[in-house]
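# Commentary on secondary and tertiary structure
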Amino acid sequence: MDYWPLIGIAWVVLGFALRQNPALVVVSAGLVTGLAAGKSIIDVLHLLGEAFTKQRYLLLFLLTLPVIGLLERHGLREHAQHWIRSLRGATLARLLIAYLGVRQFAASMGLTSLGGHPQTVRPLLAPMAEAAAEADLPPLDEAERQRLKAMCAATDNVGLFFGEDVFIAFGAVLLIQGFFAEHGIRLEPLSIALWGIPTALCAFAIHALRIRLYQRRLRRKAPPA
Amino acid sequence: MIDLQLIYWIAGGYFAWLAAAALRDRGNPRRHTTALFWAIVALALLAGERLPPVLMGAGVVLMAVLAGCGGLRPGRYAQSSAEEKQTEARRLGHRLFIPALLIPLVTLLLAVGLKDIEVLGQRLLGSEQTSLIALGVACLVALAAACRLTRQSPASAIEQSRRLLDAMSWAALLPLLLAALGSVFAAAGVGTAVAGLVEQVVPADNRVALLIAYALGMAGFTMIMGNAFAAFPVLTAGIGLPLLVQGHGADAAALGAIGMLSGYCGTLMTPMAANFNLVPAALLELKDPNAVIRMQIGTAIPLLACNIAIMYLVVFR
């Protein structure tokens, strides 16, 4: 067994750990791996170019950008914020769970850019969550306030990750399809996307439960002296 | 007939336009290298299948060098003020969601409902990669709707997308670059080497142990590499495809999808996924850079267990 090609994995780990540019790390890891497997530099470039051309459909999601860009210029984000604000329930848990559900649903429709840490979490979700906690729960100390903000960011991530995989034109689905096609197994993107649904439901259930438990813990916590 | 080649040409034309716009953008301190980067992308889409692969490979290396040396910078864009956006948001209201929702809805309609439709005895959509063709068509339909709604030209829509694309910069290419790395890994025998290591630890005839090794491997590798896309080709070539799909007849679509989502559980738990975990901590001004990860572990671990259970229930049907 030839274990030399594994050096490429070590290269990726090291490159990312040293905070090098990911594009550069990935491409150079390809070169290193090919050379370690005893191929010539021409062969490796051939492989890389062929793979790039064959899988360039991974770029097609960028065709959505003109639509999103134009709508954003005309207030899509502002309108989405008004709308989310109108969803405000009385409690922290309801707010976060509603956000989780909307984020997950929007991502599953391919609308991943409707949320995000700079776009919605910092300007919108975190302040609203703090306001909801202040209105309904015992006063929070600074450490608890920080954990609350971290929970907002975590909720955005969970909603995004376990929603986007259900969208058929999402990169992960196409990557899975491309991988198996390369090995002679033809799959429909839709069948891959549909298999994302059970996990998406579990993710919603688990994270929503954790939000409720978190709120209950805050409610029971004695106010700091 | 609308086939994938036509969509590639449209996308290639779009990137060529972006490259030309970047070249003219004097607000960008690195406009030449930025333009060169997008021009290579345009070339790959317009003529990738006709170019010698070695040349394309050299182009990929050049793009990585441009990205690595800070050759991509944002420029100046025609933007509207916050006030204009608020006014427009009030004026257009929920109608703003229509073009955005048209993208997934038209994609689904074409890819599922009208997949095999014929017009005058000709197929409307090519039979290869139909959902990608559907996505391309849906983007054009949505663009037309957005232009109508906002009374703007497609050219101004492309100009607006330049801001988004420059903000993503080289990251827009990362899924493709990682996929290409996966192909090189496969050709170099990385999967075989990983499978060799796994076989020494996990008995190949025990499908449950293999399944657990695959899911935990996806999560673990994603934590190491910071990206499930990078882990997927390695683990699937090493365990998923040879041992589970070919060895035990596992369903490839379900295994791939849930395997990828097991990787996402890893993404929730690693500082290597800086965009999602470290950047928001900084953005929210948290003292502990790992605060977001700490809040996510409690979701990630039970979800990983759920993934293993779901996989066990569905892949061996």
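Residues numbered from 1 in each chain as written. Chains lettered and ligands numbered in written order. Predicted model: local features only at pLDDT ≥ 70, side-chain atom pairs only at ≥ 80, totals over all residues.

## Re the overall build of chain B
When helices and strands are counted, chain B shows 14 helices and two strands. Dimensions along the principal axes, computed over C-alpha positions, put chain B at roughly 65 × 60 × 45 Å. Within chain B, the fraction of its 317 residues that count as buried is 50%. In chain B, the share of contacts with a sequence separation of at least 24, taken over all contacts with a separation of at least 6, comes to 71%. (Helix = DSSP H or I, 4+ residues; strand = E, 2+ residues; numbered from the N terminus. Buried ≥ 20, exposed ≤ 12 C-beta atoms within 10 Å, placed from the backbone. Contact = placed C-beta atoms within 7 Å.)

## Quick look at the overall build of chain A
The secondary structure content of chain A amounts to eleven helices and zero strands. If you list the helices and strands of chain A from N to C, you get α-α-α-α-α-α-α-α-α-α-α. Along the first, second and third principal axes, the C-alpha set of chain A runs to 70 × 40 × 35 Å. Evaluated residue by residue, chain A yields a buried proportion of 57% over its 225 residues.

## Quick look at unusual backbone geometry
The bulk of non-glycine residues show a negative phi, and the bulk of peptide bonds are trans. Residues and elements named next belong to chain B. In this structure, Arg151 is a non-glycine residue whose phi angle is positive, near 55°. C-beta crowding within 10 Å serves as the criterion here: with 7 such atoms nearby, Arg151 is assigned to the exposed category. Of note, Glu285 is a non-glycine position whose phi angle comes to about 55°, a positive value. Mapped onto the secondary structure, Glu285 falls in the loop between α13 (274-283) and α14 (291-314). Under the C-beta neighbour-count criterion, Glu285 is labelled exposed, with 10 such atoms within 10 Å.

## Brief notes about the interface of chain B and chain A
Across the boundary between the two partners, chain B contributes 117 residues, which contact 103 residues of chain A. At 14 residues, the largest contribution of residues to the side of chain B that touches chain A is made by helix α8 (residues 174-188) of chain B. When its residues are assigned to classes, the side of chain B that touches chain A shows 84 nonpolar, 27 polar and six charged. (Nonpolar A, V, L, I, M, F, W, Y, C, P; charged D, E, K, R; others polar.)

## A look at the nonpolar core
Counting residues in each nonpolar core, the largest one holds 190 residues, and the members touching the most others are Val67 and Ala129 of chain A. Residue contacts for Val67 of chain A: discarding those within four places in its chain leaves Pro99, Ala100, Ile103, Cys139, Ala142, Leu143, Ala146 and Ala157 of chain B. (Core = buried A, V, L, I, M, F, W, Y, C linked by C-beta atoms within 7 Å.)

## Description of α14 of chain B
Residues spaced three or four apart along an α-helix point in a common direction, a consequence of the helix completing one turn every 3.6 residues. Counted at 1.5 Å a residue, the expected span for α14 of chain B with its 24 residues is 34 Å, and the 35 Å between its end C-alpha atoms agrees. Remark: the principal bend of α14 of chain B, roughly 40°, maps to Ile297 of chain B. (Expected span 1.5 Å × (residues − 1). Bend = angle between axes of the 7 residues up to and from the residue.)

## Description of the domain arrangement of chain A
Partitioning chain A into domains gives domain 1 (4-54) and domain 2 (61-220). Each of domain 1 of chain A and domain 2 of chain A has a C-alpha centre, and the two are 33 Å apart. (Domains from an automatic or database assignment.)

## What to know about the environment of Gly69 of chain A
Take Gly69 of chain A: it is sitting in helix α4 (residues 65-73). For Gly69 of chain A, a count of 23 C-beta atoms within 10 Å gives the class buried. Excluding anything up to four places from it in sequence, Gly69 of chain A contacts Ala157, Gln160, Ser161, Arg163 and Leu164 of chain B.

## Points about the confidence of the model for chain A
Predicted confidence across chain A gives a mean pLDDT of 86, with 92% of residues reaching 70 or more. Across chain A, element-level confidence peaks in helix α11 (residues 197-220) of chain A with a mean pLDDT of 95 and bottoms out in helix α5 (residues 76-86) of chain A with 72. (pLDDT = per-residue confidence, 0-100.)

## Side note on the packing of α4 of chain A against helix α7 (residues 154-168) of chain B
Where α4 of chain A contacts α7 of chain B, the axes come no closer than 7 Å and their chain directions differ by 95°. The orientation of α4 of chain A with respect to α7 of chain B, classified from their angle, is roughly perpendicular. Contacts from Leu65, Pro66, Val67, Ile68, Gly69, Leu70 and Arg73 of chain A of α4 of chain A reach α7 of chain B at Ser156, Ala157, Ile158, Gln160, Ser161, Arg163, Leu164 and Leu165 of chain B. Tallied by class, residues from the contact of α4 of chain A with α7 of chain B come to nine nonpolar, four polar and two charged. (Axes fitted to C-alpha atoms, helices over the stretch in contact; angles between N-to-C directions. Parallel < 35°, antiparallel > 145°, perpendicular 65-115°, else oblique.)

## Structural notes on helix α3 (residues 41-54) of chain A
All names here are of chain A. Over its 14 residues, α3 extends 20 Å from the first C-alpha to the last, a length consistent with the 20 Å expected when each residue adds 1.5 Å. Counting buried residues along α3, ten of its 14 residues qualify, which places the element largely inside the surrounding structure. Listed in full, the buried residues belonging to α3 are Val44, Leu45, His46, Leu47, Leu48, Gly49, Glu50, Ala51, Phe52 and Thr53.

## What to know about the packing of helix α8 (residues 142-164) of chain A against α11 of chain A
All names here are of chain A. Where α8 meets α11, the closest approach of the two axes is 9 Å, and the angle between their N-to-C directions is 165°. Overall, the two elements α8 and α11 adopt an arrangement that is roughly antiparallel. The way α8 lies across α11 gives a crossing that is left-handed. Facing Met151, Thr155, Val158, Phe162 and Gly163 of α8, the residues of α11 in contact are Thr199, Ala200, Ala203, His207 and Tyr214. Among the residues forming the contact of α8 with α11, the class breakdown is six nonpolar, four polar and no charged. (Left-handed = near helix turned anticlockwise from the far one by under 90°.)

## A closer look at the environment of Thr107 of chain B
Residue placement: Thr107 of chain B occurs in helix α5 (residues 97-113). In this structure Thr107 of chain B comes out as buried when scored by C-beta crowding, with 28 C-beta atoms within 10 Å.

## What about the confidence of the model for chain B?
Note that predicted coordinates carrying low pLDDT should not be read in detail. Averaged over every residue, the pLDDT of chain B is 88; the share at 70 or more is 100%. The ipTM assigned to the predicted complex is 0.80, against a pTM of 0.75.

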